[in-house]
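Results of the structural survey
In case you want the letters, here they are:
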Amino acid sequence: MNKKLITFLLLPAALVGVSCSSHYQLDSVSRSRILVDASYDATQDKEAADFIAPYKQKVDSVMSPVVGRAAQYLYAERPESNLSNLLADVLVWGGKAYNEKPDFSVYNMGGIRAAFAKGDITFGDVLDVAPFENKICFLTLKGSKVLELFAQIAMVGGESVSRGVELVITKDGRLVSARLDGKEIDADREYRVATLDYLAQGNDNMEAFKSGYNANSPASADNNVRYIIVRYMKEKMAQGIDIDSKIEGRIKIEGK
């Protein structure tokens, strides 16, 4: 074999051997914390502040207006909470604007991204709670599919459901019983349901919604759920009513 060829073949192996070894050795590890607080406001970058100012004014004009007032701290958690109950009830309330009278509603817990502090609620606060582009949707489910839906809700430990729904579930995610307005679910009856278009597609493990029919799903931006929440709050504010909700036993864990 040619000597040049032998040298060419051996060179990569030699380089690999060199690359795998190092004469560097770690002597110590140190760390520090940079505290970001109000002290930085004292040395504000004027050029940056001037650049942001016109945008800030525009954003504040949209986000700052008060649209309602919370009577208490409203938060979301499974299996049931005051905020999750409120938002489901808002979907039922919203039906009147679409000539709909839903039997119940479902709002996903994953879509509730913040809480409302007690006191004034701004549009920005509503946007924090409902940041996604989800729109209200109405559809019909047979009772057998409603039971499937409630079983799927039980599997994840609960979702946001409207007043009148009474579910008993187990700790390990099984549906024990389901009632609506004090009555057992009739497997052959049709139920009109208010929800979000995102859920109507079967997302968040709510596959039963895929069996829905006679859907009314307005696509324009003003049908976004955040605007429906705002309209609900403004109506209450005009009536001098603070926004409130409570835990009512809509979803109970067996044995608790």
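Reading the values: rules and limits
- Residue numbers restart at each chain and count upward from 1, following the sequence in its written direction.
- In keeping with the model being predicted, local features are shown solely for residues with a pLDDT of at least 70 and side-chain atom pairs are shown and tallied solely at 80 or more, while totals for entire chains, interfaces and linings include all residues.
- Water and hydrogen atoms were dropped before computing side-chain values, which therefore reflect all heavy atoms in the structure.
- Salt bridge, as applied in this entry: a Lys or Arg side-chain nitrogen positioned within 4 Å of an Asp or Glu carboxyl oxygen.
- Where helices and strands are cited, they refer to DSSP runs of H or I of at least four residues and of E of at least two residues respectively, numbered from the N terminus.
- Classification of residues uses two cut-offs on accessible area relative to the type maximum, computed with a 1.4 Å probe and protein chains only: under 20% is buried, over 50% is exposed, and between them is partly exposed.
- Paired strands, as defined in this entry, are two strands with at least two bridges between them according to DSSP.
- Here a cavity means grid points, on a 1 Å grid over the protein atoms only, where a 1.4 Å probe fits yet cannot get out; a pocket means an open set of points with protein on both sides within 12 Å along at least five of seven lines; lining residues are those with an atom within 4 Å of a point.
- Grid points are joined across faces, edges and corners, and a volume is the space filled by probe spheres set on the points.
- Side-chain rings of Phe, Tyr and Trp (the six-membered ring for Trp) are treated as a pair once their centres are within 6.5 Å; stacked means planes under 30 degrees apart, edge-to-face means over 60, and tilted covers the remaining angles.

1. Points about the pattern of salt bridges
Applying the stated criterion across every chain, the model contains 14 salt bridges. Close ionic contact of D89 with R250 constitutes a salt bridge, the shortest N to O distance being 2.8 Å. Here D89 is found in helix α3 (residues 82–94), whereas its partner R250 is found in the loop between α7 (225–238) and β11 (251–253), with 161 residues between them in sequence. With respect to burial, D89 and R250 carry one shared label: buried.

2. Digging into the pairing of strand β4 (residues 136–142)
Of all seven residues that make up β4, six are buried, and the element is covered over most of its length. Here β4 pairs with strand β10 (residues 213–216) via two bridges, running antiparallel. From the neighbouring strand, F138 faces β10, where its bridge partner is N216.

3. Considerations on the layout of surface pockets
Empty space within the largest pocket amounts to approximately 220 Å³. Taken together, 14 residues make up the lining of the largest pocket; nearest its centre are L86, D89, V92, S162 and R163. Tallying contributions element by element places α3 first for the lining of the largest pocket, with four residues.

4. Quick word on the packing of aromatic side chains
Working definition: an aromatic ring pair is given by the centre-to-centre distance plus the angle between the planes. Taken as a whole, this structure holds five aromatic pairs when the rule is applied. For the pair W93 and Y232, a centre-to-centre distance of 5.3 Å together with 80° between the ring planes defines the contact as edge-to-face. Residue W93 is located in helix α3, and its partner Y232 is located in helix α7; the two are separated by 139 residues in the primary sequence. A relative accessible area of 14% places Y232 in the buried class. When the centroid spacing of 5.6 Å and the interplanar angle of 50° are considered together, the rings of Y98 and F138 count as tilted.

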